[in-house]
Structures are given as structure tokens and as C-alpha cells.
Amino acid sequence: MPEFLPLPDGGAIRKLWVGERDAYRDHLLRLDQESRYRRFSGAVSAEFIARHAASAFEPGAVLHGFFVDGTLRGVAELRRLGPIFAREGEAAFSVEQPWQSQGVGSVLLERTLLSARNRGIKTLHMHCLAENRRMQQLARKFEADLHFDFGSVVGEVDPPRYTALSLMREAVVDAHGVAAAMLEAQSRLLRVA
Ligand SMILES: CC(C)(COP(=O)(O)OP(=O)(O)OC[C@H]1O[C@@H](n2cnc3c(N)ncnc32)[C@H](O)[C@@H]1OP(=O)(O)O)[C@@H](O)C(=O)NCCC(=O)NCCS
């Protein structure tokens, strides 16, 4: 698995909080038509997106967000399939068009794989359309951790078990994400004042 890939200048990734449902909805609504279609493997309405965002923060779900100047521009959703102790999960990704092809999806997938591993998820499903070359290319970067099955990507999280080091890595990136968010909020307040 690549280690701590770089992000575009001014961007930061951190976990989303449950109170950020509206920010998630607004991000999904800003996706261009093609990206929205690819994200949901079909055409979906604004109402569908609002319902999806409202229910995404279910217990056990982990959402990583990519922020630029305090605005959410990309999200990786990880949720468990089945009961809380189930070892299968599902991941889905969205990056707004101006920030695509700059490595954001790669960092989101890297963080998602780490979170999956630390939660004991062994098999990760990522449904994507057969013609979604970019998502398949992205998954291919993590070939050591994922394998492919026709249009959808089915990933074996490898190594499957968490270790003290993998738990610490997640704690470190979380702490860094929170600190960056606080600094960003402070500097926005100063810019307004
Ligand atoms: C798929 C998606 C999440 C990828 O995020 P991203 O930030 O664009 O991805 P990255 O910049 O990390 O690129 C990942 C790989 O895709 C490939 N790639 C990038 N741009 C590409 C393009 N225009 N065409 C084909 N492949 C491309 C590259 O191989 C890249 O790897 P590299 O950095 O080694 O060259 C994003 O494009 C997106 O949100 N698309 C719409 C929604 C979607 O398709 N979601 C997936 C289904 S859940």
C-alpha cells in the first residue's frame, strides 16, 4: 500500500463528523452529471442524494472528507455490510471534477483501506461501472491490496489484521486532520475579522 500520498496544495483530509451531513449532501449535489452517474452507478435525483447523505453516518460507517478552504470537495464512504462484527465492507468515492486526477482519490482510498483494516474488515467491495477506467486505474494502484472482478472491484484487505502500528497510523492521521481543521477554521475567522 502506498504510504501517505501527497494532496493538492491547500487540501486536507480528515474524518467527517456526524453533524456534517449537509456538507456531504452539498458536495454530492455539486458533482457534475457524469461524476454523479459514476458515483451512484446510475442516474439519481437530488432527493435521492439528500436521503443518501442523511443516512450515510450510520453506526460503524467511516467517512473521510477532502477539504479545500473549508469546503468539502471529496468523500470516501466506508460502511460495513451486515452486522457490526461482519468482516465485509463497501467503499464508495466521489471527488468534484476540478479536483479529479490530482491524487485525491488515491489518498482517500489509502485512508479507507487503513480504516477497513483497523476495523477487522477483510473484504472490501467497490461497485463501479465497467467503463469507469479512472476508478479501476485508481484501484490498480493498490493492486497488492485489491483484486478485480469484472466491473466491480472486490478488495481483500491485506494484511487483514490490524497491528499496533496500523492503529497508530490511523490515530496520527486523525489527530493531524483535526489539528489542520482547527487551524483552518481559525484562519478563516481571522480573514473575516
Ligand atoms: C474515481 C475518482 C474517485 C478518482 O479520484 P481522483 O482524485 O480523480 O483519482 P486520482 O487522481 O488519485 O487518480 C487515480 C488514478 O486514476 C488514473 N486517472 C486519473 N485521471 C484519469 C483520467 N482522466 N482517465 C483515466 N484514468 C485516470 C490514474 O492512473 C491515476 O493514477 P496515477 O496518479 O498513478 O496516474 C474520481 O475521479 C471521481 O469522483 N469520479 C466520479 C465518481 C466515481 O467514479 N466514483 C467511483 C465509483 S464509487
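If you're wondering where the values come from, they're calculated on a predicted model, not measured in any experiment. (Residues numbered from 1 in each chain as written. Predicted model: local features only at pLDDT ≥ 70, side-chain atom pairs only at ≥ 80, totals over all residues. Heavy atoms only, no water.)

1. Observations regarding the packing of aromatic side chains
Here is step 1: Taken as a whole and judged by the stated rule, the model has two aromatic pairs.
Here is step 2: With centroids separated by 6.4 Å and ring planes inclined at 85°, the aromatic side chains of Y24 and F57 adopt a geometry described as edge-to-face. Of the two residues, Y24 sits in helix α1 (residues 21-30) while F57 sits in the loop between α3 (46-55) and β2 (62-68), which places them 33 residues apart along the sequence. We note that Y24, like F57, is buried.
Here is step 3: When the centroid spacing of 5.6 Å and the interplanar angle of 85° are considered together, the rings of F40 and F48 count as edge-to-face.
Here is step 4: We classify F40 as buried; its relative accessible area is 15%.
Here is step 5: In this arrangement the basic side chain of R39 is found over the ring face of F40, its NZ or CZ atom lying 4.5 Å from the centre. (Phe/Tyr/Trp six-rings, centres within 6.5 Å; stacked < 30°, edge-to-face > 60°. Helix = DSSP H or I, 4+ residues; strand = E, 2+ residues; numbered from the N terminus. Buried < 20%, exposed > 50% of the residue type's maximum accessible area, 1.4 Å probe, protein only. Lys NZ or Arg CZ within 6 Å of the ring centre and 35° of its normal.)

2. Here we look at the pattern of salt bridges
Here is step 1: Considering all chains together, one arrives at twelve salt bridges under this definition.
Here is step 2: With a closest N to O distance of 2.7 Å, E20 and R14 form a salt bridge.
Here is step 3: On the basis of relative accessibility, which here comes to 14%, the residue E20 falls in the buried class.
Here is step 4: Classification of R14 as buried rests on a relative accessible area of 11%.
Here is step 5: Within the structure, one salt-bridge network assembled from shared partners comprises K15, R119, E170 and D174. (Salt bridge = Lys/Arg side-chain N within 4 Å of Asp/Glu carboxyl O.)

3. Some remarks on the pairing of strand β4 (residues 88-95)
Here is step 1: In terms of residue burial, β4 counts as a mostly covered element, since seven of its eight residues are buried.
Here is step 2: Note: strand β3 (residues 71-80) against β4, seven bridges, orientation antiparallel. The residue of β4 that forms the bridge with R79 is E90.
Here is step 3: Relative to strand β5 (residues 123-126), β4 runs parallel, the two being bridged by three bridges. Looking across to β5, one finds that E88 is bridged to T123.
Here is step 4: Between β4 and its parallel partner β5, the chain crosses via helix α4 (residues 104-118), and the hand of that crossover is right-handed. (Pairing = 2+ DSSP bridges. Right-handed = clockwise from strand over helix to strand, strands pointing away.)

4. Concerning the site of the ligand
Here is step 1: If you check the shell around the ligand, you find 21 residues, and the closest are V95, S101, G103, G105 and S106.
Here is step 2: At a separation of 2.7 Å, an oxygen atom of the ligand approaches a polar backbone atom of V95.
Here is step 3: The contact in question runs from a nitrogen atom of the ligand to an N or O atom on the side chain of R134, over 2.8 Å.
Here is step 4: Considered on its own, the ligand offers 940 Å² of accessible surface; in the complex 77% of this is hidden by protein.
Here is step 5: Elements with a contribution of two residues or more to the shell around the ligand: α2 (33-39), β4, α4 and α5 (133-140).
Here is step 6: Residues of the shell around the ligand, tallied by class, amount to six nonpolar, eleven polar and four charged. (Near = heavy atom within 4 Å. Polar contact = N/O pair within 3.5 Å; in protein donor to acceptor, adjacent residues only side chain to side chain. Areas by Shrake-Rupley, 256 points an atom, 1.4 Å probe, with all protein chains shown as cover. Nonpolar A, V, L, I, M, F, W, Y, C, P; charged D, E, K, R; others polar.)

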